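Each chain is listed here by its residues.
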Amino acid sequence: MLAVIGGSGLSELTSLHRVQRRQVTTPYGEPSSALTFGRIGERELVFLARHGDGHTIPPHQINYRANIRALADCAPSGIVAVAAVGGIRADLAPGDLLVPHQIIDYTWGRQATYHQLPEGTLRHIDFTEPYDAGLRLRLLAVAARLGLMLGDGAVYAATQGPRLETAAEIDRLQRDGADVVGMTGMPEAALARELDVPYAAINIVANHAAGRGASRRAISLAEIDAVLATAMQSVRRLIEQLIGHDD
Ligand code: HPA
């Protein structure tokens, strides 16, 4: 069974034949939403809305530890995380879809590990390749089969939010080597690794990052919503196909 974390613009999967909604709790508290168990065709799926059912929880206040633990407790074959991003790299345009391959973490003050006292113990994890290679490849293969454009690789910069960045901050992220910027990729990816759950992401470019392209003077939040509404149709198709080939 695959797990899907839906971000902005994806609070439910329409093709999901909903079997059960389950309110769960974890030693770290409640996840953002009830878990939705469902079926697409014959295959099972568990879905979690990262920002809550009504899209109310800001990125820095999401209980990432509860979310990942709740999904890990379902013993999924992997977690596919869907997240909107701003495009930094010059060739990226709103509506583009990417499977990132690297992360730079600029977040702060989040509960970012299970390995701390008193409930945890000291343990380091290897995080050289933050995303699961096998799950990334499966996403890319499914997109190719569908004829969907899905970019292979991007360096994801995780910022604190909830505000968007300044133009100078985006310049700095670009100098650091970042291609896209979002607010929720960390600590989510690291927590999944700590619990040994394969994790990969689909990034939807919702806007040009601050100071870039159409966002040279300002970022239009209304346009972000419109872009996400359209792009999520492709993301849904991608996930449905992926689930259909989850063995
Ligand atoms: N910056 C950070 N997070 C985002 C952006 C952005 O420009 N767009 C969508 N999520």
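Thresholds applied
- Residues numbered from 1 in each chain as written.
- Predicted model: local features only at pLDDT ≥ 70, side-chain atom pairs only at ≥ 80, totals over all residues.
- Heavy atoms only, no water.
- Near = heavy atom within 4 Å.
- Polar contact = N/O pair within 3.5 Å; in protein donor to acceptor, adjacent residues only side chain to side chain.
- Areas by Shrake-Rupley, 256 points an atom, 1.4 Å probe, with all protein chains shown as cover.
- Helix = DSSP H or I, 4+ residues; strand = E, 2+ residues; numbered from the N terminus.
- Nonpolar A, V, L, I, M, F, W, Y, C, P; charged D, E, K, R; others polar.
- Salt bridge = Lys/Arg side-chain N within 4 Å of Asp/Glu carboxyl O.
- Buried < 20%, exposed > 50% of the residue type's maximum accessible area, 1.4 Å probe, protein only.
- Expected span 1.5 Å × (residues − 1).
- Bend = angle between axes of the 7 residues up to and from the residue.

Caption draft 1: Structural context of the site of the ligand. Near the ligand, the surroundings consist of Ala 84, Val 85, Gly 86, Leu 164, Glu 165, Val 181, Gly 182, Met 183 and Asn 207. In this structure, a nitrogen atom belonging to the ligand sits 3.3 Å away from a main-chain N or O atom of Gly 86. Within the side chain of Glu 165, a nitrogen or oxygen atom sits 2.8 Å from a nitrogen atom of the ligand. When the ligand is considered free in solution it has 260 Å² of accessible area, and contact with the protein chains removes 92% of it. Elements with a minimum of two residues in the shell around the ligand: strand 5 (78–87) and strand 10 (180–182). With 3 residues, strand 5 is the single largest residue contributor to the shell around the ligand. Considered class by class, the residues forming the shell around the ligand number 5 nonpolar, 3 polar and 1 charged.

Caption draft 2: Inspection of unusual backbone geometry at higher detail. Cis geometry is found at the peptide bond from Gly 161 to Pro 162, where omega equals -5 degrees. Residue position: Pro 162 is located in the loop between strand 9 (155–158) and helix 3 (167–176). One non-glycine residue with positive phi stands out, namely His 55, at about 50 degrees.

Caption draft 3: The pattern of salt bridges, seen in detail. The final tally for this structure, using the stated rule, is 9 salt bridges. The shortest N-O distance in the salt bridge between Glu 188 and Arg 50 comes to 2.8 Å. Taken together, the residues span a long stretch of sequence, with Glu 188 in helix 4 (residues 185–194) and Arg 50 in the loop between strand 4 (43–49) and helix 1 (64–72) at a distance of 138 residues. The pair formed by Glu 188 and Arg 50 is uniform in burial state, with each residue classed as buried. The partner of Arg 89 in a salt bridge is Asp 179, and the shortest N-O contact between them spans 3.8 Å. Of this pair, Arg 89 sits in the loop between strand 5 and strand 6 (97–99) while Asp 179 sits in the loop between helix 3 and strand 10; the two residues are 90 residues apart in sequence, bridging distant segments of the chain. Several salt bridges converge on common partners, so that one network encompasses Arg 89, Asp 91 and Asp 179.

Caption draft 4: Molecular detail of helix 5 (residues 221–244). For helix 5, built from 24 residues, the straight-helix expectation of 34 Å at 1.5 Å per residue is met to within 8% by its first-to-last C-alpha distance of 34 Å. At Ala 231, helix 5 shows its maximal kink, close to 30 degrees. Those residues of helix 5 that sit buried are Ile 224, Val 227, Leu 228, Ala 231, Met 232, Val 235, Arg 236, Leu 238, Ile 239, Leu 242 and Ile 243.

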